[in-house]
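Each chain is listed here by its residues.
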Amino acid sequence: MPYIRVYLHFVWTTKNRIPFLCTDTLRKVMWTHIEENAMVKEIHTLNIGGYNDHCHCLVSLTKDQTISKIAQLLKGESSFWINKSGLLVEDFPKKKFEWQNDYFVESVSPNLLFSIQNYILSQEHHHTLPGFHDEYDRFLDEFDS
């Protein structure tokens, strides 16, 4: 029996960065669904999280899995499921939920697992902090007054 210790951090966004996952409740439902679907597909997820327009997923790779297959199974099934569920009708009545075609994935050292897990779990807080452009604009406003 092979012993494999390969961890991958996936990130993918909604098509055109539309903020479909605009509520805490909706995000939690989506992350839970992705996690449950991953278990059915024998994809071992360590953490799933994200924000309005993107998803982070930390996966432990097994011997029979490929990066592209994992991404296909998690993204494809979750977009099909959320469209079928009707959860988005109220906020986006005329739009179909889609993940972008591409994704980002990087390998994670076992020594950094804790840091990556915290990063994924803190996405809600991370995205409430002002970004560089917000800070810069605020600085310019204060400077001009």
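The written sequence of each chain sets the order in which its residues are numbered from 1. In keeping with the predicted nature of the model, local features appear solely for residues at pLDDT of at least 70, side-chain atom pairs appear and are counted solely at 80 or more, and the whole-chain, interface and lining totals rest on all residues. Each side-chain value is worked out from all heavy atoms of the structure, with water and hydrogens disregarded.

Draft legend 1. Quick peek at the layout of surface pockets. Points on a 1 Å grid over protein atoms alone make up a cavity when a 1.4 Å probe fits among them but cannot get out, and a pocket when they form an open set with protein on both sides within 12 Å along at least five of seven lines; lining residues each have an atom within 4 Å of a point. Grid points are joined across faces, edges and corners, and a volume is the space filled by probe spheres set on the points. Roughly 180 Å³ of volume is contained in the largest pocket. Around the largest pocket sit M1, P2, I4, R5, Y7, S60, L61, T62 and K63, which together line it. Ten residue types, Ala, Val, Leu, Ile, Met, Phe, Trp, Tyr, Cys and Pro, are classed as nonpolar, four, Asp, Glu, Lys and Arg, as charged, and the remainder, Gly among them, as polar. Per-class residue counts for the lining of the largest pocket are five nonpolar, two polar and two charged. Here the second largest pocket is characterised by a volume of approximately 150 Å³.

Draft legend 2. Looking closely at the nonpolar core. In this structure, M30, I34 and W99 are the most contacted members of the largest nonpolar core, which totals 25 residues. The helix and strand labels rest on DSSP assignments: H or I over at least four residues marks a helix, E over at least two residues marks a strand, and numbering proceeds from the N terminus. Among the secondary structure elements, those contributing two or more residues to this core are β1 (7-13), α1 (24-40), β3 (54-60) and α2 (67-85). Side-chain atoms within 4.5 Å are what join buried Ala, Val, Leu, Ile, Met, Phe, Trp, Tyr and Cys residues into a set we call a nonpolar core. Burial here depends on accessible area, computed with a 1.4 Å probe over protein chains only, as a share of the maximum for the residue type. Under 20% is buried, over 50% is exposed, and the range in between is partly exposed. Judged by nonpolar contacts, the second largest core, of six residues, contains Y7, L113, I116 and I120.

Draft legend 3. The arrangement of unusual backbone geometry in detail. Here the phi dihedral of R17 falls at roughly 55°; this positive angle occurs in a residue that is not glycine. Relative to the helices and strands, R17 resides in the loop between β1 and α1. Given a relative accessible area of 47%, R17 falls into the partly exposed group. With phi around 60°, E42 is a residue other than glycine that occupies positive phi space.

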